[in-house]
Every structure is written in C-alpha cells, then in structure tokens.
Amino acid sequence: MDLDVVLLARLKFWMTVGFHYVFPTITIGLAWILFAFEAAGMKTGKPVYTQLGRFFGKLFGLTFAIGVASGLVMVFQFGTNWARYSRFVGDIFGAPLAAEAVFAFFMESTFLGLYLFARERVPRGTHVFSIFMVALGATISAFWIIVANSWQQTPAGFAIVLADGKTLSQAEFLAHPVDLTNARAVLTDFGAAIFNPSTMIRFFHTFISCLIAGAFFVGGIGAYYLLKNATDEFGRTAVRWAVAIGLVASLLQVFPSGHEHGRQMAATQPAKFAAIMGIYESQTAAPVMVFAVPYSKPPELKAPIQIPGILSWLAFGSIDARVQGLSDFPKDEWPPLFLTFVSYHNMVLLGMWFIFLMGLAAFQWRKGTLWNSRKTLKAMLWSLPLPVIASQLGWIAAEVGRQPWAVYRILKTSQSVSVTVGAGTVVLALVVFFVIYAALGYGYIRLLVAAIKKGPAATTAEGGHA
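Because the structure is a prediction, the values reported are computed rather than measured. (Residues numbered from 1 in each chain as written. Predicted model: local features only at pLDDT ≥ 70, side-chain atom pairs only at ≥ 80, totals over all residues. Heavy atoms only, no water.)

Novice: Help me understand the nonpolar core, please; the structure alone is not making it clear to me.
Specialist: Among the nonpolar cores identified, the biggest contains 102 residues, and Phe56, Leu59 and Phe217 are the most heavily contacted of them. At 14 residues, helix α7 (residues 199-228) tops the list of elements feeding residues into this core. Not counting the four nearest positions on each side in its chain, Phe56 is found in contact with Leu30, Leu34, Phe37, Phe217, Val218, Ile221, Phe234 and Ala238. Ranked by size, the runner-up nonpolar core spans 25 residues in total, among them Trp82, Tyr85, Trp151 and Val417. (Core = buried A, V, L, I, M, F, W, Y, C linked by side-chain atoms within 4.5 Å. Buried < 20%, exposed > 50% of the residue type's maximum accessible area, 1.4 Å probe, protein only. Helix = DSSP H or I, 4+ residues; strand = E, 2+ residues; numbered from the N terminus. Contact = heavy atoms within 4.5 Å.)

Given below as structure tokens:
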C-alpha cells in the first residue's frame, strides 16, 4: 500500500472530522446553559432570561445547522477511503453509530424545532422541557460517538473471524497475530464493547470540555456587550452564568477528569502515554515535562523543563513507580512524537488559562469590579474560541497518539484504507472539501458576527426564531 495514499486519506478524515467537531463542542455545552437560562426564567420570572434564551437559542440553531451539514459527510468516508476498516469493524462500529442516530439525533432535532419555533405556542414548562431534551439528546449523541471511538482506543467484547472461518479471541490474536486480510471483528459482549476501559472517562472528559466551550461562548459574547455598556443587564447575566459554569468545569477538567484519563491511558495505552508525556526511556520517578522540544531522530527532548517523580505519582500513585517509555515498544509502533507531545501540552496550557481567567473573573465579580474591568472582559471576549481549539488539540493528541493503529494493537491504519482509491482521487476530494468547508466556516462566522452585532433586542423583535 502506497504510504502517500494512507497519509492523504488521514488528512482528509482529519479535515472533515476536525471541522465538524467544532460545532458539537459548542452546542452540547450551550444546550445545557440554555436549559439553565430557561429554568431560571421559569422560576424567577425575570425577562432577561427570556431574552437570553431567545438570543442564544438563535445562535444555537445556527451552530447546530452547520454541524449537521458537516457531519453528514463523515460517515461516507468509511465506505470510500476506509473500506477495509469498515469491512473489519462494521459489525461493531455500526451499532453505536446507529444508536446515535436513532436514540439521540432524532430526539435532539425534534425537540430543537419545538424549542425554537413554539415558544409562544406551548406552556412554559413544555418549553423548558424541550430544551432539556435537546441538551439530553446532544449528550447521548456524544456518548455513542465516544463509545465508537473508545472501542478503537481500547477494544473489548469482540472476537476475530478469519477468512478461513476460524475464530480467535482478542487474547489469542494478541498472543499470536495473524493476517487480517478479509477478516472481521464480531461482537461477543455488547456491554464490554460499550463500556470498554476508556469509554466513561473519555465521555466525561469530552462532556466537560463542551461545558467549558459553552461557557466561554456565552461569556465572550456577554463580555462584548459589557465592553459597550458596563450596566447592560443581558451582558452581566450572561457573564455571571458563564463564569460560574466555566470555573467549575475548568477545575473538574483537571481533576478528577484529566487525572483519571491520564491514569487510564498509562494503564491501557502505554505507548501513547509515553509519546504524549515525552518519556522515551522507561524509568522510575518519571518526571512531568513542563516544557520541551521533541525530536524524532534520534528521539530526544531538547531544552526540557521538568518536575522529577511527579508523573510516576500521578499515573500510578507512587514516585517510585516505573513508567514505560517508548524504548519498551518496537519503533514501528511509535506514534508521531512531535505532534502528540505538542498538541497535548498546548491543550494543558490552555486548560490552565481557563482556570486562571475564570478564577480572576470570579474574584472580580465577588468584589464587584468585574463589570468595569476592561482587561478581563477583553480577555474573555478574545478567549471565546480557545476551548474549541483545546478540544481540537486533545482530539489530535488522542488520535495521532493511537497511531500506527486504527484499532489499538489489532488493525493498523495502513491496513485500513481502500485499495481501489488512488492518491489523485483523494487529493481532488481534499481540495473540493477544503473549498466547501472554507465557505461554510466563513459563512458561519459572518452570520454569527452579524447576529451578535444586531444584539438580543433584534432577536426579541424577531420573536426568537432561528
């Protein structure tokens, strides 16, 4: 198999999934914040909550629509660029994708229509219930997608049927790997496949990242209005909720979520853990790398700033614990060192910024100085897209760190691409998709900025329709 075709197919998948991933990251968190606004409005009767619901509901509808349009394309790639992968995992991978469509997407879409267009036509309780179901549907949708992806990371609950009909368990295959040409994975334990070793911790980690993105989305827009008018009630209410949710979620993302995810990775994907953490030689008292520049040939970290012993303690509960380095694994099973290390560490850096900024804003809010603190409000405004970027970096670290495997330690990425699709075809598709997504992204930003500039008053005049 020509390696260039594999790389091109991966680039195409990265572009389509990466673009789509922007929108669920925002809408999942924003849906729960909208539910909080609507519930608070029903409890207090304050008109500002109705205004918040109308305005951010319109932005939610816009973001959701672009997410749906970009998401439909992804599924088709499994049959075009990744036919051998689809043949191997179809019996397992199809189930969570079908569950996501049947049990989550349709529920989310149906209740979103009710929420956006029936505000004045249904009782207040029904209206609040509709956005709750949208948020729940979006969250369930994320769960099933995480199930499918986590099975690739830590596969469980399956057996392998070879071309000659012989069936191997996962343990038997790992002990004696065989040719997987025309083989397929079959489900043997539905529960084990769904709740594989990484599903739940990855789901919670992703869900919290969406709450952070939603909080910064609301907070950044609220800060924009406060910069124009420090007494604006709409802006103050939006920022208060954003700071409260954003600070709690940012702290939870570090501990326990991030901590437990790291422990899980060290136990189940040690090669990925070593590449992400910059541990090239196995060692006890392994350090946390605060900063370094990774090189692949030879594998080394230049200009490292590290804290000795902390990684061993964080991963295994003891400073004296041994952390496996890349030296324990064959070189052809090493993930790309630079991209995994840099994407992960920049994600962590952004996470620290989220805690600092939301902590500062909370402190100033308590002192009553936040509304006139232009530096903090500007920081919130310009930080609006950063949680989305952090989510992208985390996804890159997870997916690139899994390489060279499509299904960890079972099926390699080079064994997964379609044999009938040439490099020229993939390049053409890359160009076409890039142009389409650039137009979609530009249109989304233009519409989003236009709606923000018009302000919540214009949304109220329009009746809250998206």
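That covers the picture; the talk isn't over yet.
Novice: Would you explain the side chain of Thr27 in this entry?
Specialist: In this structure, Thr27 sits in helix α1 (residues 3-44). With near-sequence residues (within four places) excluded, Thr27 lies in contact with Phe60, Thr63 and Phe64.

Novice: What should I look at first to understand the packing of helix α8 (residues 233-268) against helix α11 (residues 337-367) in this one?
Specialist: Two quantities define a packed helix pair, namely the angle between the axes and the distance from one axis to the other. Here α8 crosses α11 at 140°, and the two axes come no closer than 9 Å. Between α8 and α11, the angle is such that the two are oblique. For the pair α8 and α11, the crossing hand works out as left-handed. Along its contact with α8, which presents Arg240, Ala242, Val243, Ala244, Gly246, Leu247, Ser250, Leu251 and Val254, the element α11 presents Met352, Phe354, Ile355, Met358, Gly359, Ala361, Ala362 and Trp365. The residue makeup of the contact of α8 with α11, split by class, is 13 nonpolar, three polar and one charged. (Axes fitted to C-alpha atoms, helices over the stretch in contact; angles between N-to-C directions. Parallel < 35°, antiparallel > 145°, perpendicular 65-115°, else oblique. Left-handed = near helix turned anticlockwise from the far one by under 90°. Nonpolar A, V, L, I, M, F, W, Y, C, P; charged D, E, K, R; others polar.)

Novice: Whenever I open this one, the sheet that holds strand β2 (residues 167-169) confuses me. Can you help?
Specialist: Either a parallel or an antiparallel arrangement is found when strands of a sheet pair, and the pairing is made through backbone hydrogen bonds. Within the open sheet, the three strands sit side by side as β2-β1-β3. Their pairing is antiparallel. Edge positions in the open sheet fall to β2 and β3 (184-187), since each of these has one partner strand only. Strand-to-strand, the axes of this sheet are offset by a mean angle of 35°, without reference to chain direction. The strands touched by helix α3 (residues 83-117) are β1 (158-161) and β3; relative to β3, the strand with the most contacts, the crossing angle is about 10°. (Pairing = 2+ DSSP bridges.)

Novice: Any chance you could explain the side chain of Thr16 here in plain terms?
Specialist: Examined against the element boundaries, Thr16 turns out to sit in helix α1. Using a relative accessible area of 0% as the deciding quantity, one classes Thr16 as buried. Reaching out from Thr16, the side chain makes a polar contact with the backbone oxygen of Phe13 at a distance of 3.1 Å. In this structure Thr16 touches Met74, Gln77, Phe433 and Tyr437, once residues within four positions along its chain are discounted. (Polar contact = N/O pair within 3.5 Å; in protein donor to acceptor, adjacent residues only side chain to side chain.)

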